[in-house]
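Take a look at the letters that make up each chain.
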Amino acid sequence: MAAGIREKQTVALKRMLNFNVPPVKNSTGEPVWKVLIYDRFGQDIISPLLSVKELRDMGITLHLLLHSDRDAIPDVPAVYFVMPTEENIDRMCQDLRNQLYESYYLNFISAISRSKLEDIANAAIGANAVTQVAKVFDQYLNFITLEDDMFVLCNQNKELVSYRAINRPDITDTEMETIMDTIVDSLFCFFVTLGAIPIIRCSRGTAAEMVAVKLDKKLRENLRDARNSLFTGDTLGAGQFSFQRPLLVLVDRNIDLATPLHHTWTYQALVHDVLDFHLNRVNLEESTGMESSPAGARPKKKNKKSYDLTASDKFWQKHKGSPFPEVAESVQQELESYRAQEDEVKRLKSIMGIEGEDEGAISMLSDNTAKLTSAVSSLPELLEKKRLIDLHTNVATAVLEHIKSRKLDVYFEYEEKIMSKSTLDKSLLDMISDPDAGTPEDKMRLFLIYYISSAQAPSEIDLEQYKKALMDAGCNLAPLSYIKQWKAFTKMASAPTSYGNTTPKPLGLFSRVMNTGSQFVMEGVKNLVLKQQNLPVTRILDNLMEMKSNPETDDYRYFDPKMLRGSDSSVPRNKNPFQEAIVFVVGGGNYIEYQNLIDYIKGKQGKHVLYGCSELFNATQFIKQLSQLGQK
């Protein structure tokens, strides 16, 4: 997979916006001006990949939601990018009848059924607009790419495929089928875009297994239908592939419920945990100082700001996986180097104001003109640098406020110790009853991790004590009742997962960063350094990718959609280690696991891994789902 999934999906989108012809690189002419009409699904797919400026370069003058009030623009072609749902189709037929645009290029995010196509055809005939419907395409782009190596299935209606939806005790078979079909449809689109047929492995008796069976069947059927197969020469043979096929590991969220609750210490995962970070955009509330307002005055309104953390943001790409203290230090360094450059420009300006005609001044002038020219030419670069520094200063400061007010460093270190079964320096009860440490939710997360990770569940008497302490701290105990059922159930099924046995090493407090004029006042925050330890998901991948024998993964089922007869076996035919793998978590994923996989694969030469999940949640959202399950 020389090309990451982000690039492939972007190329596919650009081709679609160019009326489904690959864009010509060196054409100097103006692009054809056109309108883009999308629904919420289409918007979520496009927004992390293409900026408004890029859309404009592709000739998109207007981009509008399908279900908004749109005026007729009779001399412009319209490109539609929508899901093939009843209401969307009705609205498109209405557009045809109202003759809103010059011509219509209909692109469906996921495959459209025959009957719905006929509806559109009838509407076109009725509206006398058959000649205007230029093209109808199935795009197979029903997934959202967030990183070169990370994707999620959906953002709209994500509660339909959430952890809670899959694990509801009262779920009917038909509801489960619908959820699985939704997940499989998106995964199918993902492999069409990737242009590869994977070899599928999954654990038995889980939702992941249902997904595997359906996906295998869907890929198999598409391959059999040679005339309409989506995996034929032109998409496959574009030379992006090594001869080896990728491995798809389908994992169920239930194998590891502790990680999504874990407090984290790397930049991207922290931003997702404590701020409102969504489809690569972070929304911050900036408080405009209270102190200055006189007594009795209303507090000032908070400004909302949003920042995009994108692939082109070099600082983000470099540091999103770094421990937070390192990030703070790097922001500081960037700031200092920027100030130095700025001072240089100011100095040159003052020299340029030299009076007098003496020789020295003239030679100095010509010398400095060259310098000034280069300084001016680097201005755009400087401004961009300044923008990124400001952005990360704001984001990192917001994160730091949470770390300090909730003592997240203490939680992180304590949870790592619990998960790695090392000795605890302070009793759990003390942590829970400490009024200064964290929010009620932080305490609940800590206790759930302890409960999930302990081999022996605490005795009833102890549990009552903990419950009382949690209640006193203001916690909602609903998630615990669900985790209790879950633990009783998994105990019958398997042994508890282990999380390796390393703990973070504190490097003493932040003395070094704090010396002079730093933006970040980190006093009292522990400078913890991460040690690489594989989380359960990464361990499973390692076993399957490297073909290691391990009781944890030996009975994983093996599917090969290219085999003529599907054989149900857990014996892999292919004995070679894989070079490329996709890990997909059914029931939701998080940035902690993603980061863990990325760190793991860095140590493996020439190997690639992609992380996908049915939805991306942070601990707050996950706890909410658990408490809904616990209230039943």
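Keep in mind that this is a model prediction, so the values were computed, not measured.

1. Looking at the overall build of the chain
Here comes step 1: Scanning the chain for helices and strands turns up 22 helices and 17 strands.
Here comes step 2: For the chain, with 632 residues in total, the buried portion stands at 50%.
Here comes step 3: Contacts in the chain between residues far apart in sequence, at least 24 positions, make up 78% of those at least 6 positions apart.
Here comes step 4: As presented, the chain carries roughly 30,000 Å² of accessible surface, and 53% of it is formed by carbon and sulfur atoms.

2. Quick look at the packing of aromatic side chains
Here comes step 1: For the structure on display, the rule yields 23 aromatic pairs.
Here comes step 2: Here Phe143 and Phe190 contribute two aromatic rings whose centre-to-centre distance is 5.4 Å and whose plane-to-plane angle is 80°, an arrangement assigned as edge-to-face. You can see Phe143 sitting in the loop between strand 5 (133–138) and strand 6 (144–147) and its partner Phe190 sitting in helix 7 (residues 173–194), a full 47 residues away along the chain. Phe190 shares its class with Phe143; the two are buried.
Here comes step 3: Above the plane of the ring of Phe19 lies Lys34, whose end atom (NZ or CZ) is 5.0 Å from the centre.
Here comes step 4: For the cation-ring pair, Lys487 lies above Tyr451, with the distance from its terminal atom to the ring centre recorded as 5.9 Å.

3. Examining the pattern of salt bridges
Here comes step 1: Tallied over the entire structure, the rule returns 30 salt bridges.
Here comes step 2: Across the pair Glu175 and Arg168 runs a salt bridge, and its minimum N-O distance is 3.1 Å.
Here comes step 3: Look at Glu175 and you get partly exposed, because its relative accessible area is 34%.
Here comes step 4: Residue Asp390 pairs with Lys386 through a salt bridge whose shortest N-O separation is 3.0 Å.

4. Here's the deal with a nonpolar patch on the surface
Here comes step 1: A surface patch of nonpolar side chains, amounting to about 260 Å² of accessible area, comprises Val376, Leu379 and Leu383.
Here comes step 2: The residue Val376 is located in helix 13 (residues 359–377) in this model.
Here comes step 3: The partly exposed category is assigned to Val376, whose relative accessible area is 44%.

5. Things to note about a negative patch on the surface
Here comes step 1: Where like charges cluster on the molecular surface, the negative patch consists of Glu86, Glu87, Asp90 and Asp119.
Here comes step 2: With three residues, helix 4 (residues 86–98) is the largest single contributor of residues to the negative patch.
Here comes step 3: Assessed through its relative accessible area of 46%, Asp90 is described here as partly exposed.

6. Digging into the sheet that holds strand 2 (residues 60–65)
Here comes step 1: Sheet architecture is open: five strands sit in the order 2-1-3-4-5, paired in parallel fashion. In the strand order of this sheet, the two ends are held by strand 2 and strand 5, each with one partner. Across the sheet, the mean angle separating the axes of adjacent strands is 20° when strand polarity is ignored.
Here comes step 2: Sheet analysis places strand 1 (residues 34–38) next to strand 3 (residues 73–82), joined by four bridges and oriented parallel. What sits directly across from Tyr38, in strand 3, is Phe81.
Here comes step 3: Helix-sheet contacts for helix 1 (residues 5–17) involve strand 1, strand 2, strand 3 and strand 4 (101–108), and the interaxial angle to strand 3 is about 155°.

7. Overview of the sheet that holds strand 10 (residues 276–278)
Here comes step 1: The antiparallel open sheet is built from three strands, whose spatial order is 10-11-12. On the outer flanks of this sheet lie strand 10 and strand 12 (303–308), each paired with one strand and no other. The sheet shows a mean angle of 25° between the axes of neighbouring strands, direction not considered.
Here comes step 2: As defined by bridge partners, strand 11 (residues 281–286) adjoins strand 12 across six bridges and the pair is classed as antiparallel. Paired with Arg281 across the bridge in strand 12 is Asp308.
Here comes step 3: Packing of helix 14 (residues 379–406) onto the sheet brings it into contact with strand 11 and strand 12, and relative to strand 11 it is tilted by some 70°.

8. Some remarks on the packing of helix 15 (residues 408–419) against helix 17 (residues 440–453)
Here comes step 1: Put simply, helix 15 and helix 17 touch, their axes get as near as 9 Å, and they point 10° apart. In terms of orientation, helix 15 lies roughly parallel with respect to helix 17. When helix 15 is examined against helix 17, the residues Leu408, Tyr411, Tyr414, Glu415, Ile418 and Met419 are found in contact with a partner set consisting of Asp442, Lys443, Leu446, Ile449, Tyr450 and Ser453.
Here comes step 2: Along the lines of polarity and charge, the residues of the contact of helix 15 with helix 17 split into eight nonpolar, one polar and three charged.

9. As for the packing of helix 20 (residues 536–545) against helix 21 (residues 591–602)
Here comes step 1: Running from N to C, helix 20 and helix 21 cross one another at 40°; their axes reach a closest spacing of 9 Å. Regarding the angle of helix 20 to helix 21, the classification is oblique. By crossing handedness, the relation of helix 20 to helix 21 is classed as right-handed. Each of Val537, Thr538, Leu541, Asp542 and Met545 in helix 20 lies in contact with helix 21, whose residues at this interface are Glu593, Asn596, Leu597, Tyr600 and Ile601.
Here comes step 2: Among the residues forming the contact of helix 20 with helix 21, the class breakdown is six nonpolar, two polar and two charged.

10. Thoughts on unusual backbone geometry
Here comes step 1: Unusually for a residue other than glycine, Asn20 sits at a positive phi of about 60°.
Here comes step 2: Relative to the helices and strands, Asn20 is located in the loop between helix 1 and strand 1.
Here comes step 3: By relative accessible area, which is 13% here, Asn20 ends up buried.
Here comes step 4: Not every positive phi belongs to a glycine, and Met547 is a case in point at roughly 55°.
Here comes step 5: Note that Met547 resides in the loop between helix 20 and strand 15 (557–559).

Rules behind the numbers
- The numbers attached to residues start from 1 for each chain and follow its sequence in the written order.
- It should be noted that, the model being predicted, local features are given only for residues of pLDDT at least 70 and side-chain atom pairs only at 80 or more, the latter also being counted only at that level, while totals for whole chains, interfaces and linings use all residues.
- By convention in this description, side-chain values take in all heavy atoms of the structure and omit both hydrogens and water.
- For helices the rule is a DSSP run of H or I covering at least 4 residues; for strands it is a run of E covering at least 2, with both sets numbered from the N terminus onward.
- For every residue, the accessible area obtained with a 1.4 Å probe (protein chains only) is divided by the maximum for its type, and the residue is called buried under 20%, exposed over 50%, and partly exposed between those limits.
- Any two residues whose heavy atoms approach within 4.5 Å at even a single point are treated as in contact.
- Per-residue and other accessible areas were derived by the Shrake-Rupley procedure at a 1.4 Å probe size, with only the shown protein chains allowed to occlude residues.
- Each Phe, Tyr or Trp ring, with Trp reduced to its six-membered ring, pairs with another whose centre is within 6.5 Å; inter-plane angles below 30 degrees give stacked pairs, above 60 give edge-to-face pairs, and intermediate values give tilted ones.
- Charge-over-ring contacts are defined here by two conditions on Lys NZ or Arg CZ: a distance within 6 Å of the ring centre and an angle within 35 degrees of the ring normal.
- In the sections that follow, a salt bridge refers to a side-chain nitrogen of Lys or Arg positioned within 4 Å of a carboxyl oxygen of Asp or Glu.
- Patches here: salt-bridge-free residues with over 30% relative accessible area, like charges joined within 9 Å, nonpolar side chains (Val, Leu, Ile, Met, Phe, Trp, Tyr) joined within 5 Å.
- The sign given to each residue is positive for Lys and Arg and negative for Asp and Glu; His and the chain ends receive no count.
- Charged side chains are reduced to one point each, which is NZ for Lys, CZ for Arg, CG for Asp and CD for Glu.
- Each pair of strands is called paired provided DSSP finds at least two bridges between the two strands.
- Lines fitted to C-alpha atoms define the axes here, with helix axes fitted over just the stretch in contact, and angles between the N-to-C directions of these axes take values from 0 to 180 degrees.
- Orientation is classified from the angle alone, with under 35 degrees giving roughly parallel, over 145 giving roughly antiparallel, 65 to 115 giving roughly perpendicular, and any other angle giving oblique.
- Classification used: nonpolar for Ala, Val, Leu, Ile, Met, Phe, Trp, Tyr, Cys and Pro, charged for Asp, Glu, Lys and Arg, polar for all others including Gly.
- Handedness of a crossing is defined here by the sense of rotation of the near helix relative to the far one, left-handed for an anticlockwise turn of less than a right angle and right-handed for a clockwise turn.

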